[in-house]
Amino acid sequence: MTPHDPSESRRDHATDGPVPPSAPTVPTGPPLPHLPTSSQEEQSTPASAPPDRSPTRSLWRHHDFRQLWMGDTVSVFGNQFVLFALPLIAVQLLHANAFEMGVLAALESAAFLLISLPAGAWVDRMRKKRIIVAGDLVRAGLLLTIPLAWSLGLLSIGQLWIIAALVGVVTVFFDVANQSYLPEIVAGDQISDGNGKLQASQQTASVVGPSAASGLVGLIGGPLTVGVTSVCMAFSSLFVSRIRHQEERSDASTDTTLVADIREGLSFVLGHPLLRRIVACTGLTNLASSAVFGLLVLYALRTLEFNEFQLGLVMSIGAVGGILGALCSSWVQKVVGEGRSIAVSAVIGGLCFLTVPAASVLPALPTLLLGWFVLSGMVVVYNVAQVSFRQRLCPKPLLGRMNASIRFLVWGPMPVGAFLGGTIAHVIGIVPTLWIFASLAVLSALPVLISPLTGMRTLPRELDALANSTAAP
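A few points on the structure.

Criteria and cut-off values
Residues numbered from 1 in each chain as written. Predicted model: local features only at pLDDT ≥ 70, side-chain atom pairs only at ≥ 80, totals over all residues. Heavy atoms only, no water. Helix = DSSP H or I, 4+ residues; strand = E, 2+ residues; numbered from the N terminus. Buried < 20%, exposed > 50% of the residue type's maximum accessible area, 1.4 Å probe, protein only. Areas by Shrake-Rupley, 256 points an atom, 1.4 Å probe, with all protein chains shown as cover. Phe/Tyr/Trp six-rings, centres within 6.5 Å; stacked < 30°, edge-to-face > 60°. Contact = heavy atoms within 4.5 Å.

## Brief notes about the overall build of the protein
Helix and strand counts for the protein come out as 19 helices and zero strands. Residues classed as buried in the protein amount to 61% of the 473 residues present. When the accessible surface of the protein is summed, it comes to about 16,700 Å², and 70% of that surface belongs to carbon and sulfur atoms.

Below you can see the structure in the form of structure tokens.
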């Protein structure tokens, strides 16, 4: 149910599940009793001390988590602006066709196919905080070249392609480090709660972002809106830089080779029968959805004759479903079961993709609003269960390689899908292409639907290396 993963990536911290259509992971848990006062938290351990991992302390009282959350929130709001503005620049200012839009969407995620495996091994050898801070600053600098080129009359579709590809490379390292960092700074039994809080802010940005971006684009234009995004990413790095936790440098570089590290990450993912099913479902869904989302702006503006406000409204209302999914995911897992929630959300989300081409024959705006709303919620419920399951299951020293391996397997198909979507649409038309890939999204649920997940209320924890991680505050 990708992006768009969308898109998680295109989303900043997109999960390694289907990429949310408007953005991008996991259930919130109730705050635990015996909370310390605010003054107690602020007088906590100095920068050299271990991170606060007390399972009895609310994450809102956790200094390092707050900095991570604030940085993430600022970043995803800025990212929503660029997700909205960049395709509009290509279509409205540069008059891109379906093929050119397909290439643009493909280049945004191509790096996950090409370099995510070595990136995961490198991330495990480096300090993740530095990668996150540097990633925000480098992406801000790259995006700033778009309004500069526009102001000089030099902006071209070729530059958008280059910027999309370079930002994608940086995002590979950023996302792997970011998703592997949360288990470093919070206790094992707080991971789902932390992911839920991060996901809630991301989905809030998905609601407010497109509407705000449509207004800003109408006021100052797409290129300057992208410039605003670069400022947001720079601010995000300031928050993350204030995290006190001191990471221990990995000794992987002295014990193993890069190839061995990559092999270890892939073996962990492909060696687990449930992870294999989840990866197959997510990879196929992302292949289909990247084709759909790559054509969406062109389809909405030219075929459905939407204006910028209507397109922003669809994305914003759809993202409300994502917020409800984030808030209700814990309840869904309790009622339906952890394993069954993965299968059920995959099936319903897949069916929702059919509303995109159906909008060409049904009332367009209501059809897309309903489909986007339900799809966003199902994407989040799916990601909630499977991402937390992976993070609990995986040993901490392997987190970067595990996350990168899954990024390679489930986000690698995205540039392929986006390119195929643009190429096929250029030949047979946009609407027939959308029907083809929406149907593929429905079939993508089969790996989890015909699997042991449908009968599992509780996902296994026998390899869980984080559940007992409760270092003293």
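From this point, the discussion proceeds with the structure in view.
## Regarding the packing of aromatic side chains
Under the defined criterion, the tally for this structure stands at five aromatic pairs. With 5.1 Å between their ring centres and 85° between their planes, Trp 60 and Trp 69 make a pair best called edge-to-face. Between the aromatic rings of Phe 293 and Phe 353, the centroid separation amounts to 5.8 Å while the plane-to-plane angle is 50°, which identifies the pairing as tilted. Of this pair, Phe 293 sits in helix α11 (residues 273–303) while Phe 353 sits in the loop between α13 (338–352) and α14 (355–358); the two residues are 60 residues apart in sequence, bridging distant segments of the chain. One aromatic cluster in this structure is built from Trp 60, Phe 65 and Trp 69.

## Some points on the side chain of Thr 355
Here Thr 355 is to be found in helix α14. For Thr 355, a relative accessible area of 19% gives the class buried. When neighbours within four sequence positions are excluded, Thr 355 is seen to be in contact with Thr 367, Leu 368 and Gly 371.

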